[in-house]
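Inside the fold
Here's the letter readout for the chains.
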Amino acid sequence: MIAAILLALQAAAAAAVPPAVQPASPRTLNGRFACDAIVYEVQVTATPQSGAGVLLDRLMIGGKPVDSGSLAEARRMVARLADVQSIDVRCRAAGGGELSIYGAQAAPGAPPRRARLRGTMNGGAVSDLTVAVEQR
């Protein structure tokens with residue numbers, strides 16, 4: 001009888017353990033954002049299960065790709081993210097658009113932290129790229 005009670009308690013304890021968190025499956029996010037007569041196009045692919053992080057697939061201003069130097073820098077900065085949840089471009093009063101890519105950054109042995117990549121898109125280039133990570 002005592003053995004049956006112990007088995008029941010062990011089974012209940014095992015059931016109380018939450019399942020391990022699995023990374024999200026691969027996905028592609030894209031968006032077209034218009035500020036006045038200029039259309040900004042952004043496409044990113046997140047593959048968190050592979051550990052490859054986030055790839056910037058496309059970044060266009062007014063139907064034309066941004067200059068190669070800006071694109072290389074933007075891809076390098078986006079690769080710092082481990083996952084992505086959303087993208088946004090907001091119109092700036094001085095012209096141009098402000099790019100925001102919201103996601104997560106992961107460090108080995110630590111839980112992911114929310115992160116945001118920001119940059120200014122204007123005149124066929126992306127500048128002022130920064131990544132801000134939530135502090136714990």
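Residues numbered from 1 in each chain as written. Predicted model: local features only at pLDDT ≥ 70, side-chain atom pairs only at ≥ 80, totals over all residues. Heavy atoms only, no water.

Moving on: the sheet that holds strand 4 (residues 64–65). Strand pairing in a sheet relies on backbone hydrogen bonds. The paired strands run either parallel or antiparallel. Strand order in this open sheet of four strands is 1-2-3-4, and the pairing throughout is antiparallel. Looking at strand neighbours, the two that pair on one side only are strand 1 (27–35) and strand 4, the edges of this open sheet. Relative to strand 3 (residues 53–61), strand 2 (residues 38–47) is paired through eight bridges, and the arrangement is antiparallel. Residue pairing for strand 3: Y40 is matched across the bridge by I61. (Pairing = 2+ DSSP bridges. Helix = DSSP H or I, 4+ residues; strand = E, 2+ residues; numbered from the N terminus.)

With that out of the way, let us pick up the state of the cysteines. Enumeration according to the criterion identifies one disulfide in this entry. Note on cysteine connectivity: C35 is disulfide-linked to C91, with sulfurs 2.1 Å apart. Torsion about the S-S bond of the C35 and C91 cystine: about -95°, corresponding to left-handed handedness. With C35 in strand 1 and C91 in strand 5 (residues 83–91), this residue pair connects regions lying 56 residues apart in the sequence. (Disulfide = S-S within 2.5 Å.)

Our next topic: the sheet that holds strand 6 (residues 97–105). Taken in spatial order, the four strands of this open sheet run 5-6-7-8, and their pairing is antiparallel. What marks the edges here is a single partner per strand, and that holds for strand 5 and strand 8 (125–133). Recorded for the sheet is a direction-independent mean angle of 15° between the axes of neighbouring strands. Where strand 7 (residues 113–122) meets strand 8, seven bridges bridge the pair, whose relative direction is antiparallel. Counted as the bridge partner of L117 is V131 from strand 8. The strands that helix 2 (residues 68–78) touches are strand 6, strand 7 and strand 8; relative to strand 8, the one it contacts most, it runs at about 10°. (Axes fitted to C-alpha atoms, helices over the stretch in contact; angles between N-to-C directions. Contact = heavy atoms within 4.5 Å.)

Here T47 shows up in strand 2. Beyond its immediate chain neighbours, meaning those up to four positions away, T47 contacts P26, A52 and G53.

Quick look at the pattern of salt bridges now. For the structure shown, the criterion picks out nine salt bridges. A salt bridge links R27 to D83; its shortest N-O distance comes to 2.5 Å. Taken together, the residues span a long stretch of sequence, with R27 in strand 1 and D83 in strand 5 at a distance of 56 residues. Of the residues examined, D83 reaches a relative accessible area of 11% and is grouped as buried. Here E134 ties to R114 by a salt bridge, and the two come within 3.0 Å at their closest N and O atoms. A residue pair is termed long-range when its members are at least 10 positions apart, and E134 in the segment after strand 8 and R114 in strand 7 qualify at 20 residues. Taken together, the shared-partner salt bridges in this structure form one network comprising R92, E98, R116 and R118. (Salt bridge = Lys/Arg side-chain N within 4 Å of Asp/Glu carboxyl O. Buried < 20%, exposed > 50% of the residue type's maximum accessible area, 1.4 Å probe, protein only.)

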